[in-house]
Amino acid sequence: MRSTTPRAALRRAAGGFAAAGLLAAGSLALTAPAQAAAPEFTLGGQAGTALHPYPATGTPQKASLDFTVNNPSEDEENGAFEGEYTVRFDLSGIKGVADVAFGKEGGADCTVTGTSAVCHDWGIFPGLSTLAELDVTAAKGSEEGDTGAIEVTAEADGATFTSFTARIGIGGPDLSMERLPLRTELKTGDTQPVPVTFTNNGTRAADGVLLSLRYTRGMDFTERYRNCEYSESDGGMGSPGAWTTALCSFDGSYEPGVAYTLAEPPSIRATKRAFYDSFLYRIEEDGSAARAAQRAGAEYSPGKGATLALRKAPAALSADLDPSDNQQEADFRTANTADFAAYGDRAKGAAGDSVEVKVGFRNRGPAWIGYIRSGEDVATVDVTVPEGASVVAKPDSCRGVTAAGGYRENQTAAPRYFCSTPMSVREDAVFALPFELKITKVVEGASGKVVVRNPFLQDPKLQFDPEPANNTASLVLNAEDSGTGDSGSTTGDGGTSSTGTTGTTGTTGSAGDSGATTGDGSTGSAGSSSSGSTGGDSGGGLAATGSAALMTGAAAVVALVAGGVLYTVSRRRAAA
C-alpha cells in the first residue's frame, strides 16, 4: 500500500529546491565550511496499546497508534533538518496478533510489504511532529492475552535516530469514570461530596488502580489522605500553585463488569480565593508507567490523614469502551471578587536623561482569577506616557498604540502602551512592568496614567473588581517635590515611596518597598539606579503575555492523553 499526501509532495519539492540552492551556493564557495555535529532525533509514540479481541461476528474494533519524531532544537527559524529520511516498521512481531494499515495522518509516503513497512519523508522541524498513524485491529485467530511489538527505526544522511518499540496486546482492563452531578454555582465556603465511581468494562481485571484528582487554586479537599501524594504546579497558567494534583493508589484486583466507588467520599470546598475553577478526576490501572506519566517530573509529598478506600458499587455502569472516558471534569463558578489596585511611579531627570520606572497592579484578593478554559488574559495594563518623554525600552508583553488606542506599526516612542497579563492572577500577585523613558523635554509635573482594565477597550470595567476607584494611578516625571529626599510620594496602591538624592542624570534612591512580591510569593530587591527612578514598586517579576475574555466565552480543551497530562489551550487575542 502507498499513500501520498499534498504535504508530502510539498516537502519533496521544497527539499529539491533546497538541495538546488545548496549546490548553487557550494559552486561559489572557495572553501568548505566546518561541518556541525549530526543532529539526533527521537522516534516515539504510544508505548503500549490494548486491542479489543477479535469479535465472533462483525468487524474488529480499530485503535489508532500514532508515531512521532522529535527534533530537540529550540531554534524555530534555523533548527529544521532539511533532508530526506527513511523510517522502517518491522511488523513481524505482531504477526497473528494484530493487523495494521496506515491512516491519513502524517506526511510520509509509506509502503507495506508483508511484515515490513517503509516510509519516506523530507524535513524534520523543531519540536514533536506526527510521523505516521497506524490503524490497528486484532487479527483473526488471535486470542485474549496475545502480545507482540512493532519495532521502528529510521535513517538519514547527516542525522541519527533513536529507535522505538510499540507493544500491542489483546484484551485488558477498560476503566470508565462516571460523571458526577456536582453543583457548579457556589459561594465561598461551600462543600460537597465527591463520590468517585468507575467500572471496568474490559476483558481482564485491573491490578490496582490510580486515581488522579486535579483541581485549581480556588478549590481544595477538606482532608489529605494517607494513600495519596500531592503536588502543586502552574499548569502552564503563569501562576505558581495554580493547580494541585493528588495521586491516590489502591491495591487489589478490580474485576471486569464490576463498578467501584469510594467508601467514604471526600469533600471538595470552595475556598475564600475561589472564582473560576476546574476539577478533573481520572482513573487508570496502577503501575510505574502510569505514575511516571502523571508525575511528569513534579515533586510530590504524601498526605497524613485517613486512608481513602474503594468498595464495590451497587450496580455496574453502562458499558463504554472509549478510552477517553477514564476522565471526567467539572467547572465551578464561585460568587467572589478580586480587587486589582493599580500603582504608578515617579522619576526625575534632565533633558536627554533616561530614567527607569515600574508600574502595574496588585491583586488584593480575596479571589484568584484564572480563565482556565479560554486561556485568555485576565486584564490589560493601559499605560499613557507623560508629556516630554518617550519610551526606549518596554516589556515584551506591551505593545505601542496611538494616543486614542488604535493600531500603530512603529513600536518606538509610542504615546500609549497596552500590556497583557497571564491567563491567571493569584490572590497575592504583584504584576510589575519596567519601562525605560528618555526625557526629551523637561515638563514640570508631567503626568501619565496607569489603568488596569478589561482587555476590551470599549468595555473597560473589570467585572470581578468591586473597587474601580483604585484601578487608576499616575506616572509622574519631574514633579516639584520629586527627588527631594525629605518627603514621600503616594503611589497608586496607597503606599508611599521615599526618594533619594538628585544626580546629573536623574535620581538614585531607594523605593518605599524594599521588594515587591511577585505572583509566586518571592520578592525582588530594590536598589539605586543611575537612570534615576523611584517608585512604589521596585521589584517583582514580569508576568507572561496573552489576551483576555471570560472563561465561558471560549473553546479551549483540557485533556489528559496517552497516560500523561496535556493541556491544550485555545487562545485568541482580544481586540483593544
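Our structure's up above, just so we're on the same page.
The following refers to the structure shown. Predicted, not measured: the structure shown is a model, and the values here were computed from it. (Residues numbered from 1 in each chain as written. Predicted model: local features only at pLDDT ≥ 70, side-chain atom pairs only at ≥ 80, totals over all residues. Heavy atoms only, no water.)

1. Focus on the environment of V401
Spelled out, the test is: Helix numbers and strand numbers start at the N terminus; a helix is a DSSP run of H or I with at least 4 residues, a strand a run of E with at least 2. Any two residues having at least one pair of non-hydrogen atoms within 4.5 Å are treated as being in contact.
Tracing the backbone through its elements, the reader meets V401 in strand β33 (residues 398-401). A C-alpha to C-alpha distance of 7.0 Å links V401 and P415, two positions 14 residues apart in sequence. Excluding residues within four positions of it along the chain, V401 makes contact with G406, R408, A414, P415, R416, Y417 and F418.

2. Looking at the pairing of strand β5 (residues 81-90)
Heads up, the condition is: The criterion for strand pairing is that DSSP finds at least two bridges linking the strands in question.
Both β5 and strand β8 (residues 116-124) contribute to a ladder of 8 bridges, which runs antiparallel. Within β8, the position partnered with Y85 by the bridge is D121.

3. Describing the state of the cysteines
As a reminder, the rule being used: In this description, the term disulfide denotes a pair of cysteine sulfurs within 2.5 Å. A simple rule labels every residue: compare its accessible area, found with a 1.4 Å probe on the protein chains alone, to the largest value its type can have, and call it buried under 20%, exposed over 50%, or partly exposed in between.
Tallied over the full model, the rule gives 3 disulfides. For C398, the disulfide goes to C419, at an S-S distance of 2.0 Å. Its torsion about the S-S bond being 110°, the disulfide of C398 and C419 is classed as right-handed. Of this pair, C398 sits in strand β33 while C419 is found in strand β34 (residues 416-420), placing the two residues 21 residues apart along the sequence. Its relative accessible area of 3% is what places C398 among the buried residues. Using a relative accessible area of 1% as the deciding quantity, one classes C419 as buried.

4. Some points on the pattern of salt bridges
Counted only if it meets this: Any carboxyl oxygen of Asp or Glu within 4 Å of a side-chain nitrogen of Lys or Arg constitutes a salt bridge here.
The tally for this structure, following the rule as stated, stands at 11 salt bridges. A salt bridge links E285 to R204; the nearest nitrogen and oxygen atoms lie 3.3 Å apart. A residue pair is termed long-range when its members are at least 10 positions apart, and E285 in strand β23 (residues 276-285) and R204 in the loop between β16 (197-200) and β17 (206-216) qualify at 81 residues. A salt bridge links R416 to D382, with the shortest nitrogen-to-oxygen separation between them at 2.7 Å. Of the two residues, R416 is situated in strand β34 and D382 in strand β31 (residues 380-384); the sequence distance between them amounts to 34 residues. You'll find R416 and D382 in the same group, each marked buried. Several salt bridges converge on common partners, so that one network encompasses E329, D331 and R373.

5. Thoughts on the sheet that holds strand β22 (residues 267-270)
Picture the strands of a sheet paired through backbone hydrogen bonds; they go either parallel or antiparallel. The following threshold applies: Axis definition: a line fit to C-alpha positions, over the contact stretch in the case of helices; interaxial angles, taken between N-to-C directions, run 0 to 180 degrees.
Across the sheet, 3 strands lie side by side as β15-β22-β18; this open sheet has antiparallel pairing. Across the chains shown, the open sheet's two edge strands, defined by having one partner strand only, are β15 (191-193) and β18 (219-221). On average, adjacent strands in this sheet sit at an angle of 25° to one another, irrespective of strand direction. Where β15 and β22 come together, 3 bridges link them in antiparallel fashion.

6. What to know about the packing of aromatic side chains
To keep things clear, this is the line we draw: By convention, a stacked pair of Phe, Tyr or Trp rings (six-membered ring in the case of Trp) has centres within 6.5 Å and planes under 30 degrees apart, an edge-to-face pair has planes over 60 apart, and any other such pair is tilted. Think of it as a cone above the ring: NZ of Lys or CZ of Arg counts as a charge over the ring if it is within 6 Å of the ring centre and within 35 degrees of the ring normal.
Within the structure shown, the criterion is met by 19 aromatic pairs. Seen from their ring centres, F221 and F279 are 5.8 Å apart, and the 70° between their planes marks the pair as edge-to-face. Of the two residues, F221 is situated in strand β18 and F279 in strand β23; the sequence distance between them amounts to 58 residues. Each member of the pair, F221 as well as F279, carries the same accessibility label: buried. Three or more aromatic residues joined by ring pairs form one cluster here, namely F275, Y276, F340, F361, Y371, F431 and F464. In this structure, R362 is placed above the aromatic ring of Y343, and the distance from its NZ or CZ to the ring centre is 4.6 Å. The ring of F418 has R453 lying over it, and the distance from NZ or CZ to the ring centre is 4.5 Å.

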